[in-house]
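# Analysis of the macromolecular model
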Amino acid sequence: MKARDVRELVIVGGGPAGIAAALEARRVGVETLLVDERPGSGGQLGEPIHAWRSERIGGDDAAPGRLSAALGKRGAEVRTDTVAWGIWDREVVLWHPEGGIGVVEARQIILATGAHDRPVIFPGWTLDGVVGANDALSRFRSDGRRPERRTLVAGSGSHVFKVAANLVAAGASVAMVLQTLPSRNTANLLGRPEAATDDVDRLPGCATALAYLHRERIPVRWGYLIVGATGSERVEHAVIAPVDSAWHPLPDAEEAIDVDAVCLAYGEVPASALSRLAGCAHVWDPELGGEVPRRDEWLRTTVPGVLVAGGAGGATGAVAAFAEGRLAGIAAALAGGQLGRAEAERRAAPIRRRLRAFRQLQSADAAAFPVGPGIDELATPDTIICRCEKVTAAAIQAAVDESDDPNTVKALTRAGMGRCQGRNCARPIAAIVARRTGRSIDALPTFTPRPPVRPIPLGALARYARPS
Ligand SMILES: Cc1cc2nc3c(=O)[nH]c(=O)nc-3n(C[C@H](O)[C@H](O)[C@H](O)COP(=O)(O)OP(=O)(O)OC[C@H]3O[C@@H](n4cnc5c(N)ncnc54)[C@H](O)[C@@H]3O)c2cc1C
């Protein structure tokens, strides 16, 4: 990789949002570089997954495989296996296992980094075999492995049904699906025509996914939460319990079920590490349980030249992400002068209308499936909260007694300093601080982002710092 490069537009993330942004920008000749840390583009819903989805659940024109091919035709430069680990002003710092580190200076940057699984911490969550929905899906993509024989898919909202349907269609043996919400909450959602058809989001909607699970005779337990996992080396039992409306487990109602794997699907949190590192202002979104960047009608953040699209901006679902990507691509062309304002507005108008409909659907989904505070209260004192640095809840609580600032708790315990840079533990730590201090979790500062936002080898950094 060249030590220093210049491009008109750099897009980080090759999922539906990043691909759509690149297609739209290339349509009017914007010089575009798209990078993704994965070996292929397509994002969370990569090609192998789509191959079976289209076959088993219905055709899909927006399949990432087709989109990736279109990217090549439009002449976008795509670099896979390439991690964006830092961002300063308009400079994106990349690392490739063979090419090393390089800096690309861009006039416009679109962050389309997607979302990651909402962390849920309970005794035993670190056991081998307990994975997030993204990980479960990645296993297929990386080596075609089938999930283990008896998988429990535990989660909430429409997400858990879609994840479970995806896994079943891929050949996983799903023993049971746990939906935390009681079934009466879904009447509205499932009754809406948009939700009941694949037409709006072209990928299986909530109702479609649920109907598919029924057809495949997968048992669904409503009003249940996973509260623990046990096993000697890897997970052997999942402990589940019915919950009240605040998601607190009912007393003496726990039950253990035999499983080989647990897939957690409690929603997705925007991947905001790069946008926070870039200095973009964020707001806490209680529905998503994470921070979302503040954006205007063109998806521009508060930092000039930096846009955020798709899951990283809080959009849920591949087609909403695709629409956001298109809008961001048009915005980049407007800023670069390839499109005049009137033409950009003309192209943006139908996309914006579509996005408004998606956002309404998303809000209705969140209202129908509210997340209860009990989900953040499952850890016991000896539960590991930060798996990277092996820090327990008791150690976090002791640190909170010294300081109620999550950043100081991080410094005192090293929690949040490991490989995942707090992706899993930042929220649970904030929940402990909030509980012990009586403050609202929404009012607490989040961890200050630090580069590298993704792990990179120290050797590469040293070579870059001292080029020979
Ligand atoms: C198991 C599962 C099932 C799902 N099923 C459905 C469904 O049926 N229907 C539906 O509509 N939606 C579904 N979704 C959600 C859907 O996948 C997302 O909404 C959609 O992929 C978001 O698109 P995106 O482009 O914003 O992000 P993503 O698809 O997540 O793409 C983001 C990309 O950015 C890359 N990236 C992130 N950070 C960096 C970095 N620092 N450097 C380099 N690259 C980076 C990632 O590797 C990734 O490829 C599902 C999700 C999961 C996990």
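Computed from a predicted structure; not experimentally measured.

So, on to the overall build of the protein. Across its full length, the protein holds 16 helices and 21 strands. Looking at the protein as a whole, 54% of its 468 residues qualify as buried. Of all intrachain contacts in the protein linking residues separated by at least 6 positions in sequence, the fraction that spans at least 24 positions is 65%.

Before going further, it helps to examine the packing of helix H1 (residues 16-27) against helix H11 (residues 318-336). How two helices sit against one another is set out by the angle between their axes and by the gap between those axes. Interhelical geometry of H1 versus H11 gives an angle of 35 degrees and a closest axis separation of 7 Å. Of the two elements, H1 crosses H11, and the hand of that crossing is right-handed. Contact residues: Pro16, Ala17, Ala20, Ala21, Glu24, Ala25 and Arg27 in H1; Ala318, Ala321, Phe322, Gly325, Arg326, Gly329 and Ile330 in H11. For the contact of H1 with H11, the class distribution of residues is nine nonpolar, two polar and three charged.

Applying the stated criterion across every chain yields a total of 22 salt bridges. Of the charged contacts, one joins Glu345 and Arg341 as a salt bridge, the two residues approaching to 3.3 Å between their closest N and O atoms. Taken together, the residues span about one helical turn, with Glu345 and Arg341 both in helix H12 (residues 341-368) at a distance of four residues. Judged by its relative accessible area of 46%, Arg341 falls in the partly exposed class. Where salt bridges share partners, they join Asp5, Arg7, Glu77 and Arg79 into one cluster.

Applying the stated criterion to the full structure yields zero disulfides. Left unpaired, Cys388 is separated from the closest cysteine sulfur, that of Cys420, by 4.0 Å. Here Cys388 falls in the partly exposed class, since its relative accessible area comes to 29%.

Further remarks concern the sheet that holds strand E15 (residues 261-265). The strand order across the open sheet formed by five strands is E8-E15-E9-E10-E11, and the pairing between neighbours is parallel. Sheet topology places strand E8 (130-132) and strand E11 (220-222) at the edges, where each strand pairs with a single neighbour. Direction aside, neighbouring strands of the sheet carry axes that sit 20 degrees apart on average. In this structure, E8 lies alongside E15, joined through three bridges in parallel fashion. Bridge assignment links Val131 to a residue of E15, and that residue is Cys263. Helix H5 (residues 157-169) contacts strand E9 (151-155), strand E10 (174-179), E11 and E15 of the sheet and is inclined by roughly 170 degrees relative to E10.

This part covers the environment of Asp244. Structurally, the position occupied by Asp244 is in the loop between strand E13 (237-242) and strand E14 (255-258). Of note is the side chain of Asp244, whose polar atom sits 2.9 Å from the backbone nitrogen of Ala246.

With twelve residues, helix H15 (residues 426-437) should cover 16 Å at 1.5 Å per step; its first-to-last C-alpha distance of 16 Å lies within 8% of that length. Buried-residue contacts for H15 involve strand E17 (282-285), strand E20 (384-386), helix H13 (393-402) and helix H14 (406-413). Two residues or fewer after H15 comes Gly438, characterised by a positive phi angle close to 75 degrees.

So, on to the side chain of Glu324. Relative to the helices and strands, Glu324 is located in helix H11. Within the structure, the side chain of Glu324 is placed 3.0 Å from the side chain of Arg359, a separation counted as a polar contact. If sequence neighbours within four positions are ignored, Glu324 has contacts with Arg295, Leu299, Val308, Ala309, Gly310, Ala315, Leu355 and Arg359.

With 86% of its residues at a pLDDT of 70 or more, the protein shows a mean pLDDT of 85. Across residues 47-62, confidence stays below pLDDT 50; counting only partners more than four residues off in sequence or on other chains, it has 34 contacts. Here residues 191-204 is modelled with pLDDT under 50, and outside its nearest four sequence neighbours on either side it reaches 35 contacts, counting other chains as well.

Here we take up a negative patch on the surface. On the surface, a cluster of negative charge is made up of Asp128, Glu233, Glu236 and Asp258. With respect to the helices and strands, Asp128 occurs in the loop between strand E7 (115-117) and E8.

Put simply, H13 and H15 touch, their axes get as near as 10 Å, and they point 50 degrees apart. For the element pair H13 / H15, the angle class is oblique. In the packing of H13 onto H15, the handedness of the crossing is right-handed. Every residue of H15 that contacts H13 at Ala393, Ile396, Gln397, Val400 and Asp401 is listed here: Ile429, Ile432, Val433, Arg436 and Thr437. Of the residues assigned to the contact of H13 with H15, the class counts are six nonpolar, two polar and two charged.

To continue, consider the nonpolar core. Formed by 51 residues in total, the largest nonpolar core has its most connected members in Phe122, Leu152, Ile226, Val262, Tyr266, Ile396 and Ile429. Considering every element that reaches this core, the biggest residue donor is H15, with six residues. Residues within four places of Leu152 in sequence aside, it is in contact with Met176, Leu178, Ile226, Ala238, Ile240, Ile257, Val259, Ala261, Val262 and Cys263.

Here Thr301 is to be found in the loop between strand E18 (290-293) and strand E19 (306-308). From its side chain, Thr301 meets the backbone nitrogen of Val303 in a polar contact 3.1 Å long. In contact with Thr301, not counting residues within four places along its chain, are Cys280, Pro293, Arg294, Arg295, Val306, Leu307 and Val308.

For H14, the set of buried residues is Pro406, Val409, Lys410 and Thr413. Buried positions in H14, seen along its axis, are confined to an arc of 105 degrees and lie on one side of it. Packing partners of the buried residues in H14 comprise strand E21 (391-392), H13 and H15. The backbone nitrogen of Asn407 lies 3.0 Å from a side-chain oxygen of the residue at the head of H14, namely Asp405. One or two positions beyond H14, positive phi appears at Arg414, with a value near 75 degrees.

Reading guide: rules and limits
Residues numbered from 1 in each chain as written. Predicted model: local features only at pLDDT ≥ 70, side-chain atom pairs only at ≥ 80, totals over all residues. Heavy atoms only, no water. Helix = DSSP H or I, 4+ residues; strand = E, 2+ residues; numbered from the N terminus. Buried < 20%, exposed > 50% of the residue type's maximum accessible area, 1.4 Å probe, protein only. Contact = heavy atoms within 4.5 Å. Axes fitted to C-alpha atoms, helices over the stretch in contact; angles between N-to-C directions. Left-handed = near helix turned anticlockwise from the far one by under 90°. Nonpolar A, V, L, I, M, F, W, Y, C, P; charged D, E, K, R; others polar. Salt bridge = Lys/Arg side-chain N within 4 Å of Asp/Glu carboxyl O. Disulfide = S-S within 2.5 Å. Pairing = 2+ DSSP bridges. Polar contact = N/O pair within 3.5 Å; in protein donor to acceptor, adjacent residues only side chain to side chain. Expected span 1.5 Å × (residues − 1). pLDDT = per-residue confidence, 0-100. Patch = residues over 30% accessible without salt bridge, like charges linked within 9 Å, V, L, I, M, F, W, Y side chains within 5 Å. Areas by Shrake-Rupley, 256 points an atom, 1.4 Å probe, with all protein chains shown as cover. Lys, Arg positive; Asp, Glu negative; His and termini not counted. Charge placed at Lys NZ, Arg CZ, Asp CG, Glu CD. Parallel < 35°, antiparallel > 145°, perpendicular 65-115°, else oblique. Core = buried A, V, L, I, M, F, W, Y, C linked by side-chain atoms within 4.5 Å. Arc of directions from axis to C-beta.

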